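Structural description and commentary
In case you want the letters, here they are:
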Amino acid sequence: MAGGLVARVRAVRYKVARVSPLPLLVRGGIFLVVLAGFLLAYPVQMLAPRSLLALAVAAVLPAVAPRRLWPTFAALVTVGGWLLATLGYDRPPALWRLLAVATLLYLAHTLCALAALLPYDGLIDPDLVLRWLARAGGVVLASAVLGIVLAWLGGLGGTDGTQAATVVGLLVAVGLSALLGWLLRRR
C-alpha cells in the first residue's frame, strides 16, 4: 500500500516538473477574469470575507478544470450575482457594468476553450495565445459597439423605442438561432 502511494506521489511530481509556463498563465488569466466578473456582478453588500473566499474557490474551479462543467458553473454564478444585485438589492443596471460583465463572461469562456486545448507540458508559441486574445478582443469590441448603438437606438423613441429595440433584439436572437441550426445541420 505504501509503495502505491509513493508511486502516485512520484507521478504527480513528474507531471508538475513538466508543466510549461504558458498554459499556467492562461489558467491564471481564467482565474483573474472569472474573479473580476464575480466582483463586478455581485453587490458590495454581499462581499464579506466568507463570500469572497467562496467566490475565489468558484473562480479557481474553471481554471483547474476548463474541460468540465466548471466554466458553465462560473458563468451561472456570475449571472446569479448580476440578478441578485439588480433584483434583490435594487442596483440600477448601468450600461458600463453590463458591458464589463458581458466582456468578462466572454473572455472567461474563450480562455477556458483555449486552456482546454493547450497541453500542460507542450511547448507553445506565444503568438498563438496573442492571436487568440486579439480575436477575442475584436469580438468584444464589436459586441460593445453594437450594444451601445442598440441601447442608444432603444432610448430614442421613448417607450416606443424600447419596444422596437426589444422586437429587433428578439429578431436578431431568432435569426442567430436559425443560423446556428443551419450551420449544425450542414456538418
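Structure's up top.
We now turn to the structure provided with this report. Source: prediction; values computed, not measured. (Residues numbered from 1 in each chain as written. Predicted model: local features only at pLDDT ≥ 70, side-chain atom pairs only at ≥ 80, totals over all residues. Heavy atoms only, no water.)

Check the secondary structure of the protein and you find 7 helices and 0 strands. In sequence order, the protein lays out its α and β elements as α-α-α-α-α-α-α. Expressed as a percentage of its 187 residues, the buried residues of the protein come to 27%. Nonlocal contacts in the protein, meaning residues at least 24 apart in sequence, comprise 71% of its contacts between residues at least 6 apart. (Helix = DSSP H or I, 4+ residues; strand = E, 2+ residues; numbered from the N terminus. Buried < 20%, exposed > 50% of the residue type's maximum accessible area, 1.4 Å probe, protein only. Contact = heavy atoms within 4.5 Å.)

Quick look at the pattern of salt bridges now. Within the structure shown, the criterion is met by 1 salt bridge. The partner of Arg 18 in a salt bridge is Asp 121, and the shortest N-O contact between them spans 2.7 Å. Of this pair, Arg 18 sits in helix H1 (residues 2-18) while Asp 121 is found in the loop between helix H5 (95-117) and helix H6 (126-156), placing the two residues 103 residues apart along the sequence. Exposure remark for Asp 121: the relative accessible area of 39% places this residue in the partly exposed category. (Salt bridge = Lys/Arg side-chain N within 4 Å of Asp/Glu carboxyl O.)

The residue Asp 90 is not glycine, and still its phi comes out positive at about 55°. You can call Asp 90 exposed: its relative accessible area is 63%.

Turning next to the environment of Leu 99. Topologically, Leu 99 is positioned in helix H5. With relative accessibility at 22%, the residue Leu 99 sits in the partly exposed group. Remark: the alpha-carbon pair of Leu 99 and Leu 141, spanning 42 residues in sequence, is separated by 10 Å. Once residues lying within four places of it in the same chain are set aside, the contact partners of Leu 99 are Ala 144 and Ile 148.

Moving on, we get to the environment of Ala 58. Considering the arrangement of structural elements, one finds Ala 58 in helix H3 (residues 49-64). On the basis of relative accessible area, Ala 58 is assigned to the buried category, the value being 8%. Considering only alpha carbons, one finds Ala 58 and Leu 39, 19 residues apart in sequence, at a separation of 12 Å. When near neighbours in sequence (up to four residues on either side) are disregarded, Ala 58 contacts Phe 38, Phe 73 and Ala 74.

A separate point is the packing of aromatic side chains. Here the structure, examined in full by the defined rule, presents 1 aromatic pair. A centroid spacing of 5.5 Å and a plane angle of 90° characterise the contact between Trp 70 and Phe 73, whose relative ring orientation is edge-to-face. You can see Trp 70 and its partner Phe 73 sitting in helix H4 (residues 70-88), 3 residues apart, about one turn around the helix. Classification of Trp 70 as partly exposed rests on a relative accessible area of 28%. For Phe 73, a relative accessible area of 35% puts it in the partly exposed group. A cation sits over an aromatic face here: Arg 135 above Trp 132, 6.0 Å from the ring centre. (Phe/Tyr/Trp six-rings, centres within 6.5 Å; stacked < 30°, edge-to-face > 60°. Lys NZ or Arg CZ within 6 Å of the ring centre and 35° of its normal.)

The next point concerns the packing of helix H2 (residues 21-41) against H3. Taken N-terminus to C-terminus, the directions of H2 and H3 make an angle of 145°; their axes are 8 Å apart at the nearest point. The way H2 lies across H3 gives a crossing that is right-handed. For the pair H2 and H3, the contacting residues are Arg 27, Ile 30, Phe 31, Val 34, Leu 35, Phe 38 and Leu 39 in the first and Leu 52, Leu 55, Ala 56, Ala 58, Ala 59, Val 60, Pro 62, Ala 63 and Val 64 in the second. In terms of residue class, the contact of H2 with H3 is built from 15 nonpolar, no polar and 1 charged. (Axes fitted to C-alpha atoms, helices over the stretch in contact; angles between N-to-C directions. Left-handed = near helix turned anticlockwise from the far one by under 90°. Nonpolar A, V, L, I, M, F, W, Y, C, P; charged D, E, K, R; others polar.)

What follows deals with the packing of H3 against H4. Orientation of H3 relative to H4, taken along the N-to-C sense of each, is 145°, at an axis distance of 7 Å. The two elements H3 and H4 meet at a crossing, and its hand is left-handed. Residues Leu 55, Ala 58, Leu 61 and Pro 62 of H3 form the contact with H4, whose participating residues are Trp 70, Pro 71, Phe 73, Ala 74 and Val 77.

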